[in-house]
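# Geometric and topological summary
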Amino acid sequence: MTEGAGRLLTPLGVALGLLLFAAAYYLAYRWWRQRPTRHPVHLEVAALGLLALLTGGFFWRALTETGVLMPAGGGDLVSLYYPGYTYAAAQIKAGTIPLWNPHLYTGMPFAADVQMGLFYPLNWPLFLLYNLDYGRLEWLLILHYWLASAFTYLFLRDIGLRRLGALAGGVIFAFCGFMTAHLGHMPMVLVAAWLPLELLLLRRALLTGGRKGWAWSIAAGLSMAMALLAGHVQIFAYGLMAAGLLWLYLFFEAGHTSLRTAWPMLLKGGLALGVALGVSAVQLLPSIELSNYSVRSAVSYEEASEFPAQPVTLLNLFLPRVYGSSPTTYAFGIWQTTENWGYSGVVAMALAAAGLGIRRARMVGFFALLLLLALLLMVGDLSIVGGWVYKFLPGFSKLRDAGRALELFGFGLAGLAGFGLDALVAGLRTGERERRNILWWLVGLLSALVVVAVGILPTFYRDLLVNQFSQKRLPEAINDLGMLLIWLGALAGVVLAAYTRRMRPLVAGGAMLLLTALDLFSPNARFNPTTQDILAGYKNFDTISFLSKSTQNDATNLPQRIDSDTDVREIWQPSTALLAGALREPLYDTGGVFNPLTLDRYNFLWGDAMSHQDTPLYDLFGASFQVVSSTTATTSTLHAGQPKWSLVERQGMFDIWKNANALPRVFLVHEARIETDPEDISIIIWRQDIDSRHTVILGDGEPVSSRIPGTAENQPEGRRAGETVRVTRYTPNAVDISVKAEAPGWVVLTDAWFPGWRATVDGQPAAVVPADYAFRAVKVEAGEHTISMQFRPDSWVWGRLLSLATLAASVAGLAWMALVRRKAQPIA
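Everything in this summary refers to the structure shown in the same document. (Residues numbered from 1 in each chain as written. Predicted model: local features only at pLDDT ≥ 70, side-chain atom pairs only at ≥ 80, totals over all residues. Heavy atoms only, no water.)

## Thoughts on a nonpolar patch on the surface
On the surface, a cluster of nonpolar side chains totalling about 490 Å² of accessible area is made up of Leu-285, Ile-288, Trp-798, Leu-801 and Leu-802. Taken together, the elements giving at least two residues each to the nonpolar patch come down to α14 (281–293) and α30 (794–824). With 3 residues, α30 is the single largest residue contributor to the nonpolar patch. Tracing the backbone through its elements, the reader meets Leu-285 in helix α14. (Patch = residues over 30% accessible without salt bridge, like charges linked within 9 Å, V, L, I, M, F, W, Y side chains within 5 Å. Areas by Shrake-Rupley, 256 points an atom, 1.4 Å probe, with all protein chains shown as cover. Salt bridge = Lys/Arg side-chain N within 4 Å of Asp/Glu carboxyl O. Helix = DSSP H or I, 4+ residues; strand = E, 2+ residues; numbered from the N terminus.)

Rendered as structure tokens:
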């Protein structure tokens with residue numbers, strides 16, 4: 001659990017990697033030698049190998065130094081994805097598809113949470129073949145950085161760029177500010193890596209006639225499905241925007257004047273989208289259902305515009321460290337470094353300018369439009385375009401953080417920079433007109449250097465000397481300005497040397513590629529690595545063991561919960577219960593790490609319970625122990641005047657308080673009250689208008705009065721023996737409860753209610769109704785019964801069938817088209 005990616009970078013692993021590359025290169029070379037008129041594939045293999053080498057160079061610390069982990073501060077990778085992936089792997093190895101997570105938030109859908117990437121094919125080797133540890137997650141991420149660079153390289157080659165320009169574009173997109181900053185948001189990187197391949201396949205589909213065009217369209221749909229299954233809807237949606245822009249660009253460039261000539265492009269685009277949505281339906285339909293019951297069911301425009309990358313923050317496009325240099329810092333005010341780190345290199349910016357000014361190619365316009373679209377989106381509410389997207393594009397009303405459009409900015413800049421390097425190398429080889437354009441570009445670049453060196457930098461130095469370091473960011477700004485001069489000065493020197501015939505154009509191109517990588521890697525490679533033990537919050541083994549044993553409930557056979565939603569987040573990971581569950585330690589928490597898809601009913605009621613911890617509303621959640629920090633000044637008086645609380649254990653940095661009034665997680669009641677307003681329900685419970693041990697609040701039906709005590713009420717020992725409720729099976733997807741009732745009543749399970757739960761009582765269907773607004777209840781008659789609850793939502797059933805059908809149809813279609821094409825080829 002403590003190891004990073006470096007543990008796997010052994011001499012044997014390096015040797016095996018080199019051997020595989022050598023074998024791939026040799027096979028590609030032999031294939032080309034046998035078909036010398038074909039494309040020299042071995043050179044493309046060499047380029048992809050170079051990108052792999054550069055990827056290793058970018059992550060050199062994580063790959064070569066023990067004790068170096070990513071990202072700094074841990075972020076969501078540590079607190080959300082690591083325990084989630086570990087839990088998924090443990091359940092899948094045990095033969096279960098974990099549709100439900102019972103360990104956090106009193107339970108919530110697990111497979112429907114798209115962030116967990118349960119159905120993403122590249123995750124399954126981790127789930128099936130390995131004991132998943134943190135280092136392997138780092139390797140999964142590093143693989144996708146290489147995929148992002150490789151797919152971008154292939155896309156740029158496909159649209160006509162030479163290898164050096166395509167390599168530059170691949171490096172810029174894979175390691176741009178967006179991709180670097182969001183390493184801790186792992187699914188963002190996984191989804192973004194597929195963007196170039198989606199565009200490559202879609203473009204081929206739209207520009208290719210006959211059956212091959214339809215085959216490319218199906219392939220484009222499959223790549224889009226891979227992106228969606230990778231786990232982040234917002235980044236997938238931005239990818240669809242880029243694909244839509246490409247479709248429009250090619251459509252209008254083709255000059256279609258009638259629907260009769262345009263319909264193939266319309267159908268191909270529709271087919272690609274249909275395949276993507278159909279194949280990913282196993283994830284998409286449950287995720288849509290979950291979003292409608294989650295806190296994301298409604299997002300205001302103000303929330304959707306949060307964390308913009310506005311002009312005030314875009315200074316870091318040129319001065320990367322001016323607002324901070326790690327994921328744990330805030331630029332200032334509402335601007336967080338992670339959401340605004342956009343540095344893609346000043347060399348890349350200069351090359352992009354060359355692409356716009358020198359290169360005359362069809363796709364330059366597409367990248368320029370993509371760049372413009374990204375700028376209009378990522379500034380948030382400063383541009384009305386963001387408002388239109390929020391209001392009129394399906395799904396965007398549930399997405400936040402406008403600054404994440406930096407993904408499109410990084411890709412647009414990568415394309416333009418690739419064209420720019422390509423144009424500079426080609427222009428240095430050719431006629432006078434191209435050389436004149438290069439001269440104008442050089443004049444502009446040198447003028448910018450003069451302005452920085454003579455106009456801006458001395459002002460910064462003077463301010464630094466006068467104010468004696470009083471401005472926190474000023475020294476970093478001066479350092480960044482100095483590096484800007486170095487990188488752009490070196491670029492100008494290389495191009496000037498080639499322009500004056502002192503350097504060969506191809507050598508100059510290689511030098512420009514090197515400068516691009518050095519400029520980009522220097523600040524961005526420092527953003528994530530840390531020597532801090534970011535997994536320390538999971539290593540409270542003695543406390544975990546104590547809580548796991550102490551929460552056992554012999555009467556119901558269902559462990560009580562803990563409450564770690566306190567002041568311990570710096571020393572106790574909020575997803576500890578989920579990781580412990582994956583490691584077969586039965587631990588259940590009322591809270592958990594922030595997740596934008598937590599159920600809205602739970603979120604509302606738990607928020608009120610946390611504000612009224614001395615009331616029965618808090619007791620209803622079944623948290624028998626509360627974990628707090630022993631270093632907090634108020635810990636000794638935390639629950640003063642509340643007799644239900646007692647300090648039972650002090651372990652290192654933790655104080656563990658026991659709540660004597662915590663309800664068991666499953667109990668039987670005979671009285672019901674009908675209320676529909678959640679505010680009223682919360683007030684009624686915490687104000688003690690009812691006793692939740694005796695009365696359940698339902699959303700509809702008829703109220704029922706009863707004097708028969710519930711099984712959770714304090715009553716004589718003999719009376720308790722008359723009625724019992726006991727859990728006989730408790731798994732992620734199923735709960736079996738044995739109940740003995742003296743009169744009709746409701747079995748209340750204080751696990752979160754969700755419409756996908758179905759129940760039978762003695763084999764006969766029974767309704768699972770919301771109890772006390774957020775939990776589950778099943779009605780039973782007098783007698784002995786067995787209640788079986790299964791989590792099997794219709795969205796999962798239909799989504800799985802639709803995915804299998806679409807995938808089968810896609811494979812069959814590709815096979816049929818390949819067979820027809822083979823039969824149509826003449827026999828030599």
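Resuming the write-up.
## Focus on the pattern of salt bridges
On inspection of all chains with the given rule, the structure shows 23 salt bridges. With its nearest N and O atoms 2.6 Å apart, the salt bridge here joins Arg-204 to Asp-158. Of this pair, Arg-204 sits in helix α10 (residues 195–207) while Asp-158 sits in helix α6 (residues 134–158); the two residues are 46 residues apart in sequence, bridging distant segments of the chain. Overall, Arg-204 belongs to the partly exposed group, its relative accessible area being 32%. One continuous salt-bridge network, built from bridges that share partners, spans Arg-561, Arg-665, Asp-751 and Arg-776. (Buried < 20%, exposed > 50% of the residue type's maximum accessible area, 1.4 Å probe, protein only.)

## Topic: the pairing of strand β19 (residues 783–791)
Relative to β19, strand β13 (residues 734–741) runs antiparallel, the two sharing 8 bridges. Across the sheet, Lys-740 pairs through a bridge with Glu-784, a residue of β19. Direction of pairing for strand β15 (residues 757–761) relative to β19: antiparallel, over a ladder of 5 bridges. Bridged to Arg-758 within β19 is Gln-790. (Pairing = 2+ DSSP bridges.)

## Quick notes on the pairing of strand β11 (residues 695–698)
Here β11 shows no split at all, with Thr-695 and Ile-697 on one side and Val-696 and Leu-698 on the other all buried. Pairing of strand β10 (residues 671–674) with β11, which is carried by 4 bridges, proceeds in the parallel orientation. The residue bridging Arg-673 from the neighbouring strand is Ile-697, located in β11. Note that the unit made of β10, helix α28 (residues 678–686) and β11 has a crossover that is right-handed. (Right-handed = clockwise from strand over helix to strand, strands pointing away.)

## Overview of helix α2 (residues 41–58)
Under the 1.5 Å per step criterion, the end-to-end length of α2 is 26 Å for 18 residues, consistent within 8% with the ideal 26 Å. Contact partners of the buried residues in α2: α1 (11–34), α3 (60–64), α6, α7 (163–174), α8 (177–181) and α23 (505–524). (Expected span 1.5 Å × (residues − 1). Contact = heavy atoms within 4.5 Å.)

## A short note on the sheet that holds β19
Taken in spatial order, the 5 strands make up an open sheet running β12-β13-β19-β15-β16, and their pairing is antiparallel. Both outer strands of the open sheet, β12 (724–731) and β16 (764–766), are each paired with one neighbouring strand and no more. Neighbour-to-neighbour, the strand axes of this sheet turn through a mean angle of 25°, independent of strand direction. Where β12 lies against β13, 7 bridges are found, and the strand directions are antiparallel. Paired with Tyr-730 across the two strands is Val-735, which belongs to β13. (Axes fitted to C-alpha atoms, helices over the stretch in contact; angles between N-to-C directions.)

## Notes on the packing of α10 against helix α11 (residues 210–229)
Contact geometry of α10 with α11 gives a least axis separation of 7 Å together with a crossing angle of 160°. Judged on the interaxial angle alone, α11 and α10 are roughly antiparallel. α11 is crossed by α10, and the crossing has left-handed handedness. Contacts from Leu-197, Glu-198, Leu-201, Leu-202, Arg-204 and Ala-205 of α10 reach α11 at Gly-213, Trp-216, Ser-217, Ala-219, Ala-220, Ser-223, Met-224 and Ala-227. (Parallel < 35°, antiparallel > 145°, perpendicular 65-115°, else oblique. Left-handed = near helix turned anticlockwise from the far one by under 90°.)

## Thoughts on the side chain of His-185
Along the chain, His-185 falls in the loop between α8 and α9 (186–192). Of the residues examined, His-185 reaches a relative accessible area of 16% and is grouped as buried. In this structure the side chain of His-185 is engaged in a polar contact, spanning 2.8 Å, whose partner is the side chain of His-182. With sequence-adjacent residues up to four places away left out, His-185 is seen in contact with Asp-76, Tyr-81, Thr-338, Glu-339 and Arg-404. (Polar contact = N/O pair within 3.5 Å; in protein donor to acceptor, adjacent residues only side chain to side chain.)

## Quick notes on the nonpolar core
One finds Phe-367, Trp-441, Leu-491 and Met-512 to be the most contacted residues of the largest nonpolar core, which totals 259 residues. The element contributing the most residues to this core is helix α20 (residues 406–429), with 14 residues. With sequence-adjacent residues up to four places away left out, Met-512 is seen in contact with Val-347, Leu-351, Leu-421, Leu-424, Val-425, Leu-491, Val-494 and Val-495. (Core = buried A, V, L, I, M, F, W, Y, C linked by side-chain atoms within 4.5 Å.)

## Structural notes on the side chain of His-232
Mapped onto the elements of the fold, His-232 is located in the loop between α11 and α12 (233–253). Given a relative accessible area of 11%, His-232 falls into the buried group. Residues within four places of His-232 in sequence aside, it is in contact with Val-114, Pro-187, Met-188, Val-191 and Arg-404.

## A closer look at the sheet that holds strand β5 (residues 561–563)
Strand order across the open sheet formed by 4 strands is β5-β6-β8-β7, with mixed pairing between neighbours. Strands with a single pairing partner mark the edges of an open sheet, and in this sheet they are β5 and β7 (645–651). Taking each pair of neighbouring strands and ignoring which way they run, the sheet shows an average axis angle of 25°. Contacts from helix α24 (residues 541–550) reach β5, β6 (623–629), β7 and β8 (654–659), with the element oriented near 140° to β7.

Coordinates in, geometry out; function isn't part of it.
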